[in-house]
Amino acid sequence: MSMHKSLYQAPQGLDSLESEPDIEIEIEDPESVTIGIDGMEIEIGGEDEEGFDDNLAEYIDDKVMNQMVGDLISDYDDDVSSRRDWMQTYVDGLELLGMKIEERTDPWAGACGVYHPLLSEALVKFQAETIMEIMPASGPVKTEIIGKDTPEKREAAIRVQADMNYQITDVMNEYRPETERMLWGLGLCGNAFKKVYYDPSLERQVSIFIPAEDVVVPYGAANLETAERVTHVMRKTENEVRKLQVAGFYLDVDLGEPNNTMDEVEKKIAEKQGFRATSDDRYKLLEMHVNLDLEGYEHEDEDGPTGIALPYVVTIEKGSNKVLSIRRNWNEDDKTHQKRQHFVHYGYVPGFGFYCFGLIHLVGAFAKSSTSLIRQLVDAGTLSNLPGGFKTRGLRVKGDDTPIAPAEFRDVDVPSGTIKDNIMTLPYKEPSQVLQSLLGTIVEEGRRFAGAADIQISDMSANSPVGTTLAILERTMKVMSAVQARIHYSLKQELRLLKNIIADYTPEEYSYEPELGDRQAKKSDYDMVDVIPVSDPNAATLSQKVVQYQAVIQLAQTAPQIYDMKYLHRQMLDVLGIKNADKLVKLEDDEKPLDPISENMNAVSGKPMKAFIYQDHDAHIAAHQAFMTDPVVTKTIGQNPLANQIMAALQAHMAEHLGFQYRSQIEKQMGVTMPPPDKPLPPEVEVELSRLVAMASQQLLQIHKGEAAQAQAAEQQKDPVVQMQLADQKLKEAEVQRKSAKDVADNQYRMTALEAKTASEDAALTAKTNMEHMKLQADAEKHAITDRAKVASEKLKLGVEVAKENARLQGKK
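### Here we look at the pattern of salt bridges
Two side chains carrying opposite charge are able to pair once their charged atoms lie near each other.
Point 1. For the coordinates displayed, the defined rule picks out 13 salt bridges.
Point 2. The shortest N-O distance in the salt bridge between Lys194 and Glu494 comes to 2.9 Å. Of the two residues, Lys194 is situated in strand β6 (residues 191-199) and Glu494 in helix α12 (residues 478-504); the sequence distance between them amounts to 300 residues. Pair check on accessibility: Lys194 and Glu494 agree, each one buried.
Point 3. Among the salt bridges present, the one from Asp530 reaches Arg496, with a minimum N-O distance of 2.9 Å. Taken together, the residues Asp530 in strand β20 (residues 529-533) and Arg496 in helix α12 connect sequence positions 34 residues apart.
Point 4. Connected through salt bridges with shared partners, the residues Asp75, Asp79 and Arg229 form a single ionic network.

### Focus: the packing of helix α17 (residues 596-605) against helix α20 (residues 643-670)
For any two helices packed against each other, one specifies the crossing angle of their axes together with the interaxial distance.
Point 1. Packing of α17 against α20 leaves a shortest axis separation of 8 Å and a crossing angle of 145 degrees. Crossing geometry of α17 relative to α20 is assigned as right-handed. In this structure, α17 uses Glu599, Asn600, Ala603 and Val604 to contact α20, whose residues at the interface are Ile646, Leu650, His653 and His657.
Point 2. Split by residue class, the contact of α17 with α20 holds four nonpolar, three polar and one charged.

### Describing a negative patch on the surface
Point 1. Together, Glu300, Asp301, Glu302 and Asp303 line one region of the surface with negative charge.
Point 2. Locating Asp301 in the fold gives a position in strand β11 (residues 300-301).

### Topic: helix α5 (residues 175-189)
One full turn of an α-helix is made of 3.6 residues, so residues set three or four places apart face in the same direction.
Point 1. The end-to-end C-alpha distance of α5, which contains 15 residues, comes to 21 Å, matching closely the 21 Å that a straight helix rising 1.5 Å per residue would cover.
Point 2. Those residues of α5 not exposed but buried are Tyr175, Glu178, Thr179, Met182, Leu183, Gly185, Leu186, Gly187, Leu188 and Cys189.
Point 3. Downstream of α5 by one or two residues, Gly190 has phi in the positive range, about 90 degrees.

### Quick notes on the pairing of strand β15 (residues 343-347)
Two faces, one strand: in a regular strand the side chains alternate between the faces of the sheet.
Point 1. β15 sits mainly inside the fold: five of its five residues count as buried.
Point 2. Every second residue of β15 is oriented toward a common face, with Phe343, His345 and Gly347 on one face and Val344 and Tyr346 on the other, all of them buried.
Point 3. Sheet topology places β6 next to β15; five bridges connect them, and they run antiparallel. Each bridged residue has a counterpart across the sheet, and for Ala192 the counterpart in β15 is Tyr346.

### Concerning a nonpolar patch on the surface
Point 1. On the surface, Phe390, Met424, Leu426 and Tyr428 cluster together into a nonpolar patch covering about 390 Å² of accessible area.
Point 2. Along the chain, the position of Leu426 falls in the loop between β19 (423-425) and α10 (433-450).

### Overview of the confidence of the model for the chain
Point 1. Summarising the model, the chain shows a mean pLDDT of 78, and 80% of its residues fall at 70 or more.
Point 2. Taken element by element, the predicted model of the chain shows its lowest mean pLDDT in strand β1 (residues 2-4) (38) and its highest in β15 (93).
Point 3. Within the model, the stretch residues 27-47 combines pLDDT values under 50 with 57 contacts to residues more than four positions away or in other chains.
Point 4. Per-residue pLDDT stays below 50 along residues 453-462; that stretch engages in 10 contacts with residues further than four places along the chain or on separate chains.

The rules behind the values
Residues numbered from 1 in each chain as written. Predicted model: local features only at pLDDT ≥ 70, side-chain atom pairs only at ≥ 80, totals over all residues. Heavy atoms only, no water. Salt bridge = Lys/Arg side-chain N within 4 Å of Asp/Glu carboxyl O. Helix = DSSP H or I, 4+ residues; strand = E, 2+ residues; numbered from the N terminus. Buried < 20%, exposed > 50% of the residue type's maximum accessible area, 1.4 Å probe, protein only. Axes fitted to C-alpha atoms, helices over the stretch in contact; angles between N-to-C directions. Left-handed = near helix turned anticlockwise from the far one by under 90°. Contact = heavy atoms within 4.5 Å. Nonpolar A, V, L, I, M, F, W, Y, C, P; charged D, E, K, R; others polar. Patch = residues over 30% accessible without salt bridge, like charges linked within 9 Å, V, L, I, M, F, W, Y side chains within 5 Å. Areas by Shrake-Rupley, 256 points an atom, 1.4 Å probe, with all protein chains shown as cover. Lys, Arg positive; Asp, Glu negative; His and termini not counted. Charge placed at Lys NZ, Arg CZ, Asp CG, Glu CD. Expected span 1.5 Å × (residues − 1). Pairing = 2+ DSSP bridges. pLDDT = per-residue confidence, 0-100.

Pasting the structure below:
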């Protein structure tokens, strides 16, 4: 039997299956049948091969499995025993919530049974403040871009944020109620858990709340990730278990009748929450996320079994100690066998061990003392108003013994003397002022310690500096701020688990071409971004955030030139929850890439402009320069009172393009792409990059100097004076060339004469004849060279005269 499961589904995450399964049977071939139960597909028949997600309890030997169960149950009992004191404090503290109206008979029937609301008040405030912080109306998720910021990633971040917030607020209709229940349990006992998995019956991800008493971990565990065991205690009806057995999710074994007994802790919890705790007709299942070295499924390397325990999920029915399922708890393609995490631990105040402390542990003693004192004060007032005492045996009041109504007089038979001699009231006192003062002190200390105290605005001057108010608020909210930071961290882990599941079941492509901000994302969008909560871990309440921003605004007024006032006011509007803040205050980050003409139009109308690193900066700069120097534009803008501001905005925008242009040139010179401008760099990377940029900037400087020199020379060529100087220079160069040619001819003549003179006497006649011939040749060549030099000189003189005449004529013009 093989079963197709979700990659991120918790093995026992099927609590939400309906009581009536929707069973579909599809005959694929004569030897196999596929059964669909509430979205889960079970293939029966066919090849009898063990699949990765199969229930290993079907293959493991009974002897090995029984030994494993004995060890696991023993470990579970030890884990429960190790947290007994913590659990007892939690159970006893539930009574202080006053969920039941107590009818007291001690010290007399009808004595005061009121509970002081110190614990309930702190708990309700914590739940209300936290849910409003982590679950705004728009959703709890915002995104961060992974790696280099590009337009594609920026659009993907917007789509992922919209899609996840839509999934959590609209599709996952259980998320907010489960989160509010989680916050109640978190504040009460200090611990709460969320279980995140894919539910095939709903065909979507779910996140359910698990009370702290239903999650058991070993004493020495530091966190869920490193714990050797994490046991989720579940209660399922006989029908629910049978349904999962028929579906093949649990092993089909006889569990007998459910053991309907409840342990003492379960009874106390139920009773103190106002429920009758007599019996429970459900099975108690232990879903144990544990590391095991199973025989036949050992971790192996090239040398054989290593003895390393691997993560499994084992489900055991507690009453019969029978195994229902054993499944692998790592991803099939994960060669490191890392444990898949399905739980998220929320903690209130960390203690010495795994379990944190909650309001019951922190202010439970204050609540108990306050309850005792308020009862004493009420009982003292009752006794003072309706005192009791002694009367003589013979004294008779005619009528009944009901209290005397106002203006009523009754007949009394007095045996002797006066009435006051036959009646003596006990000396009851008025409620003690000392007890009342002590009650106020204890309540105030408890509220302060629990972070539920309110600031006494009446005690503060209206002219108090914002810094003073902020300091008082910070001191008052310090405990709550720390708690909110822990919740922020845990919520980030939960959102990442949800992101992974949503991404796995997101289509590879869009079903239609989405607009920016549409609630549609594809799988690759989720790979480019990370998700974080919208909550601010540095501020616990709205008032704290408002005071912080007021302090910054006051500080900015002293030096507005160093602050981004638009961004500051925009953040203030976001904190106040003002809708459409992006339309009220425009920021450069809100801008989209525009063409140069649109940017020119925005400059004229006073709208912000922004350059982007990937634009054609040469084209933008050229278009803006042409716009600024256009006579028609300058004439029209010159009549505008804001002309200076318009031109300054354009100049600043051009400077931004110029900066990006220079950056691009430096990158070309280095041959590598630089990191994004706003990305922080490690010190060693920054140092090395600075050296490369310095070398590239010097090379670029030399290139720009050469280009500037060439441009300057080309400009000078157009000057008439410069042209005359160039003509004189050419004439001088020609004269030098003529003299050089004459010297060459003279030297050649002398060398020829010397060679003729040293000829042999035997060839005198021939030499003489040759000499005469060569002399004639030399004379002819000499005259030719001389003539050519004269002609060149005459041409140069004529050119100089023409140039002078042209210069004279141009000067007259």
